[in-house]
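Below are the chains, spelled out letter by letter.
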Amino acid sequence: MSDDAATAIENLSQETRTFSPSSEFVQNAVARPSLYQEAERDRLAFWRSAASLLSWKTPFTETLDWTDAPFARWFADGTLNVAYNCVDRHVESGHGDQAAILAEYEDGTDATYTYAQVKDEISRMANVLTDLGVKTGDRVAIYLPMIPEAAFAMLACARIGAPHSVVFGGFSADALRSRIEDAEARVVITADGQNRRGKQLPLKPAVDEALATGGDSVEKVLVVRRTGGDVEWTEGRDVWWHEAREDASAEHEPVWVEAEHPLFILYTSGTTGNPKGIIHTTGGYLTQAAYTHRNVFDIKPSTDVYWCTADVGWVTGHTYVVYGPMANRTTQVIYEGTPDSPHQGRWWEIVEKHKVSKFYSSPTAIRTAMKWGEDIPAKYDLSSLKLLGSVGEAINPEAWMWYRRVIGGDRCPIVDTWWQTETGAIMISPLPGITATKPGSAQVPLPGIGADVVDESGKPVENGEGGYLVLDKPWPAMLRGIWGDPERFKETYWSRFEGLYFAGDGAKRDEDGDIWLLGRVDDVMNISGHRLSTMEIESALVSHEWVAESAVVGAADETTGQAVVAFVILRGGNEDAIAEAGGEDKVIETLRAHVGKEIGPIAKPKRILVVTELPKTRSGKIMRRLLRDVAENRTVGDTQTLADASVMDLIQEGMSSKG
Ligand code: PRX
């Protein structure tokens, strides 16, 4: 085991509290204990039956083809359309008037879209995209804030079988450009701007900047008007959505595609500098999205009001805002703004207003709410809540208990759901009404999922032991590869342990056999539940002319889980320029802004330390473990393998003098 995994595993506290669901919850629960037995008895038959949650244009005859492992094909000879499954069929079955989206805007205004209205909107947008030249198979980049149009754009792409690549609105122009170029997107869908903490932030200028210096595949930019005001306009390329919409027909025949047709690409950080385009396909992905959403969140389509606070820029926003909920005909809240705008009770005000019954959020958000104080949620009536979910990183037992007591009124089961961009849908989670929950543990693989904790040699560990989390059976929503790089797919996920998918996470089985997630064991950090790679930020730093070398670590942080801490060595010969700019403080400010520009504000290091040396092994590998010790104010671990052990003294001295 790597040093990192060992450290993470030692940190595990003992947790013995468990919470059984109430008998009322058990009686009405969607998930039945027999699911586990059915999946155990015949896993493929189980998934076949889960696939009947969808409407197929042509039924499939083969469930899984794993002959070309690790490239899976699920339900491959069936055909379907995702938008039809998420919208049209609900209208056809008489639920056109049911609210699909309860949109809450940051300024306090709101809007409701019924399923019938969503069908019209996405049909119009599908027609507009087709007019703009988008064909089945073409890629479309989506760079939008959290407004209903983001969901419409995704569903419109799905409707014509054009894989989308959603780029988080907080990413920079450079990050957007590299994603556009990797996927060779033909069209970009964006907005003029977005509302953020009472301010209007421009968004389209980032698209203009990205396309000014690259992104040559892009022919058209479709622009949603959100904030109003002046925007730069490129004639012949830019098209207003509200204008194109006027002439667009609300009739559109969905394009029926094969189950293995790509639905989307989503870029995520890996252990090397450039993000990976994770590919998800149609039938298997939507099957697992719908099945997990329904069972994990105990969804009753006619009565629930569901709210997942994730942005569509992340996988959670794909699977548990757009595809899972809409396939299940859920009524859901979509909120444009931040939790503290215009006040710190905003989320709870929304829960009260819409009588939200199922709430899915992240540990970092819960810890932030804890910090703000429980008197804030106490001002609102949260009695509509029936179930709470958590995703993105391990939730510490203290935050779990707070979530249960303060938000869930001691009555709501909490589902701590483990999964990844790559897995496409939830893999490990309690099932409400069945599992007695344990604060801090994701506990058990869902029915139909094979997950295990193994040691260095790939052997399952005993209860009470730690190791690496692996997935040992193919699953319907699994990634089908990395866009344009099948070798990297095999190398990244399938080479560490023979025949097993390695998730990159450390984990432990407790005495009951429950799984506890213990954080990444590779060079991927988890900041507020978002994945960032140390290498990506390092290469952003060294792309600045002042920086010779850098090392980035994720240091434990009370609120965000981890925070980015960067150690940089400055390039000689810039002393005059630096002095002129204002010295070391200015260097730090400049470099933080530079990372913000290269990647996006979420990647800005919380701390930057200018050092003269970095700890390296004799073979020249940076020992990030030691830097993490420094960043977390711990006694520095074993320095024996360092080429020059005195380096650490120097760094520590520097650190303490700068606080
Ligand atoms: O380290 C795990 C952590 O988030 C990683 C996946 O990140 P991403 O692809 O961005 O997807 C996040 C949302 C699904 C995992 O490898 N992670 C996610 N959920 C949990 C978690 N760690 C512990 N407990 C969780 N519930």
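Residues numbered from 1 in each chain as written. Predicted model: local features only at pLDDT ≥ 70, side-chain atom pairs only at ≥ 80, totals over all residues. Heavy atoms only, no water.

Caption draft 1: Region of interest: the side chain of Thr-331. Structurally, the position occupied by Thr-331 is in strand β17 (residues 331-335). Take Thr-331: its relative accessible area is 11%, and that puts it in the buried class. Among the polar contacts made by the side chain of Thr-331, one reaches the main-chain carbonyl oxygen of Ala-99 at a distance of 2.7 Å. (Helix = DSSP H or I, 4+ residues; strand = E, 2+ residues; numbered from the N terminus. Buried < 20%, exposed > 50% of the residue type's maximum accessible area, 1.4 Å probe, protein only. Polar contact = N/O pair within 3.5 Å; in protein donor to acceptor, adjacent residues only side chain to side chain.)

Caption draft 2: Spatial organisation of the confidence of the model for the protein. Mean pLDDT for the protein: 93, with 97% of residues reaching 70 or above. This model gives residues 1-12 a pLDDT under 50, and the stretch forms 23 contacts once residues within four places in sequence are excluded. (pLDDT = per-residue confidence, 0-100. Contact = heavy atoms within 4.5 Å.)

Caption draft 3: Molecular detail of the environment of Thr-282. With respect to the helices and strands, Thr-282 occurs in the loop between β15 (276-281) and α11 (283-296). On the basis of relative accessibility, which here comes to 2%, the residue Thr-282 falls in the buried class. As for Thr-282 and Pro-163, which are separated by 119 residues in sequence, their C-alpha atoms are 9.9 Å apart. Setting aside residues up to four positions removed in sequence, Thr-282 forms contacts with Leu-80, Val-82, Val-257, Glu-258, Ala-259, His-261, Pro-262 and Leu-263. In this structure the side chain of Thr-282 is engaged in a polar contact, spanning 2.6 Å, whose partner is the backbone oxygen of His-261.

Caption draft 4: Representation of the nonpolar core. Counting residues in hydrophobic clusters, the biggest one holds 158 residues, and the most contacted among them are Ile-189, Phe-297, Tyr-323 and Ile-537. If one sorts the elements of this core by residue count, helix α7 (residues 148-160) sits on top with 10 residues. Not counting the four nearest positions on each side in its chain, Tyr-323 is found in contact with Val-82, Cys-86, Met-154, Leu-155, Ala-158, His-164, Leu-263, Phe-264, Tyr-285, Leu-286 and His-318. (Core = buried A, V, L, I, M, F, W, Y, C linked by side-chain atoms within 4.5 Å.)

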